[in-house]
Amino acid sequence: MRRSAIAITARAAALICVALFVVGAAGAQTPAGRVVFRGNRGESYEIYSMYANGTDLRNLTNLNWAYDEMPDVSPDGARVVFSSTRDSNAEIYVMNADGSDQRRLTENPAIDWRPKWSPDGSQILFFRGGGGRGELWILDVNAMGERRLTESGAAGDWSPDGAFVVLPDPDQVTSDLMTIGADGANRASLGIKGFDSRVESPAWSPDGSQIAFEAYKAGQWDVFTVGSDGGSLENVTEDLTEAGAPAWTPDGARIVLSAYVADTQNLFTMAPDGSDVRRLTDHPGHDSYPSWFGSSDLTRSVSAGGKSPFTWAWLKGVGARAGMR
Ligand SMILES: [Ca+2]
Ligand SMILES: [Ca+2]
C-alpha cells in the first residue's frame, strides 16, 4: 500500500514535469525574475532566493556556523553554485535552486570562491587562493575534473559563448581587465585606464558587448561598464554609495548589484546606462553577490506564469529522487 502511494506520487510528479515542459515550450514565456544573493538576516551569511519584486524570500542554506556566499544561478535556473566555509576553509558547493541536495565540489586547503557557471552549464570558473592572491580554475561539472586557467588573478567571468574568460589583469600595475581563452591561449588586455586600485568582479553582458565591473576611483567604489573592446567606459552608479558585485539579467536589459544605504548593504537594479535605479532589498543586514534568473520585467506578476524556476527546479529534484531523467 505504502509502496504504491510512493509510485503514484512519483508518477504524478513525472506527469507534472512533462505538463510544465509542454506548457513552457508552447508558451515560451520567460519565468518571473528571481534573484539569488548573499545576506545576513540571522547570525551568519546565507544564500537567499526571492522574486525580483521582493516576495517569497527563502533561506537556502540556513547554516549558522558557516559563511555561505557568492551564489551563481545555473543558466537553466535549476541549480545554484556557491562558496561555503561549512567544511573549515572555503569550498565550492552546488545545490538545487530550492536549496535541496547540497554537495561539495572542491576539496583544497586554499580558499575556493566566486564560482561562475559556464554558459552551457558544463563548467564552473572559480578563484582559488588566499590573502587576495590566487589563481583561476575551471571545474568540469560532469567529470569533476579541475584545471588551472591562470597562475595569478582574481575572480572572473565567462564570455556569453564560453570561449573566453575576463578577469582583473594580474600583470598590470595600473588597473585593467584582461581576457583569456578558456583554453588558456590568447591573453589580451582591455586597456582600461584611470583607476586608483585594482578593478574587480567583472561580469560579461549576455550579448557580449559590455563588461560591468567594480573599481575604486575618486574615493569610492563604483560599478562601471566598458565595451568588450575596451571602449565606452561609463560609471553607472554615480548616485549610489560603495557599489559592487555587478551581475546582468539574462536578457541583458538590467544590471543588478549591491550598494550601501547608511551602514546597510542592499541590492539595486538599473538599466545598463545607469538610469532607472530601483531598490530590491531593504534590510539592516548586508545583501550582496546577486545572481538573476528569469525575466528582467520588475512589474511582471509572479503568479501570472505560475511556472517559477523554483517550482520547476523542485519538480526536477522530485523527478531525480524518483529515479527519472
Ligand atoms: Ca551560513
Ligand atoms: Ca578550499
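Every chain begins its residue count from 1, and numbering advances along the sequence as written. Written order decides the labels, with chains lettered from A and ligands numbered from 1. Totals for whole chains, interfaces and linings use every residue, but because this is a predicted model, local features are given only for residues with pLDDT of at least 70 and side-chain atom pairs only at 80 or more, for both listing and counting.

### With respect to the sheet that holds strand β11 (residues 146-150)
Pairing between the strands of a sheet is mediated by backbone hydrogen bonds and can be parallel or antiparallel.
Then, in step 1: Taken in spatial order, the four strands make up an open sheet running β8-β9-β10-β11, and their pairing is antiparallel. For this open sheet the edge positions go to β8 (111-117) and β11, each flanked by a neighbour on one side alone. Geometrically, the sheet is characterised by an average inter-axis angle of 30° between neighbouring strands, direction not taken into account.
Then, in step 2: Pairing of β8 with strand β9 (residues 123-130) involves five bridges; the strand directions are antiparallel. Two strands form a pair only when DSSP identifies at least two bridges running between them. Note on conventions: DSSP H or I runs of at least 4 residues are helices, E runs of at least 2 residues are strands, and numbering of each starts at the N terminus. Orientation is described by lines fitted to C-alpha atoms, with helices fitted over the stretch in contact, and by angles between N-to-C directions that extend from 0 to 180 degrees.

### Some words on unusual backbone geometry
Then, in step 1: Here Asp56, not a glycine, exhibits a phi torsion of approximately 60°, which is positive.
Then, in step 2: The topology assignment puts Asp56 in the loop between β2 (46-51) and β3 (58-59).
Then, in step 3: The exposure class of Asp56 is partly exposed, given the 13 C-beta atoms found within 10 Å.
Then, in step 4: Of note, Glu242 is a non-glycine position whose phi angle comes to about 50°, a positive value. Between the buried cut of 20 or more and the exposed cut of 12 or fewer other C-beta atoms within 10 Å of a residue's own C-beta lies the partly exposed class, and all C-beta atoms are placed from the backbone.

### Quick word on the sheet that holds strand β15 (residues 188-189)
Then, in step 1: One open sheet holds the four strands; their spatial order is β12-β13-β14-β15, and the pairing between them is antiparallel. On the outer flanks of this sheet lie β12 (157-158) and β15, each paired with one strand and no other.
Then, in step 2: Inspection of the sheet shows β12 paired to strand β13 (residues 164-168) by two bridges, in the antiparallel sense. Looking at the pairing, Asp157 lines up with Val166 of β13.

### Observations concerning the pairing of β8
Then, in step 1: Most of β8 is tucked away: six of the seven residues are buried.
Then, in step 2: Counted along the chain from β8 to the antiparallel partner β9, the turn is five residues long, and its residue Gly121 has a positive phi close to 75°.

### Observations regarding the environment of Thr241
Then, in step 1: Summarising the element assignment, Thr241 is placed in strand β20 (residues 241-248).
Then, in step 2: For the pair Thr241 and Val223, spaced 18 residues apart in sequence, the C-alpha to C-alpha distance is 10.0 Å.
Then, in step 3: Here the contact rule is simple: place C-beta atoms from the backbone, and any two residues whose C-beta atoms are within 7 Å are in contact. In this view, Thr241 contacts Gln220, Ala259 and Tyr260; residues no more than four positions away in its chain are not counted.

### Brief notes about the nonpolar core
Then, in step 1: Any nonpolar core is a set of buried residues, restricted to Ala, Val, Leu, Ile, Met, Phe, Trp, Tyr and Cys, that join up through C-beta atoms within 7 Å. Membership of the largest hydrophobic core comes to 71 residues, with the highest contact counts inside it found for Val35, Val80, Phe126, Val165, Leu177, Ile211 and Leu257.
Then, in step 2: In contact with Phe126, other than residues within four places in its own chain, are Ile92, Asp112, Trp113, Arg114, Pro115, Trp137 and Leu139.

### Some words on the confidence of the model for the protein
Then, in step 1: You can read pLDDT as the predictor saying how much it trusts each residue, on a scale of 0 to 100. Of the residues in the protein, 82% have a pLDDT of 70 or more, and the chain-wide mean is 86.
Then, in step 2: Within the model, pLDDT remains below 50 along residues 13-27, and this stretch shows 15 contacts once partners closer than five positions in the same chain are excluded.
Then, in step 3: In this model, residues 304-325 is a region of pLDDT below 50 whose contacts with residues beyond four sequence positions or in other chains number 48 contacts.

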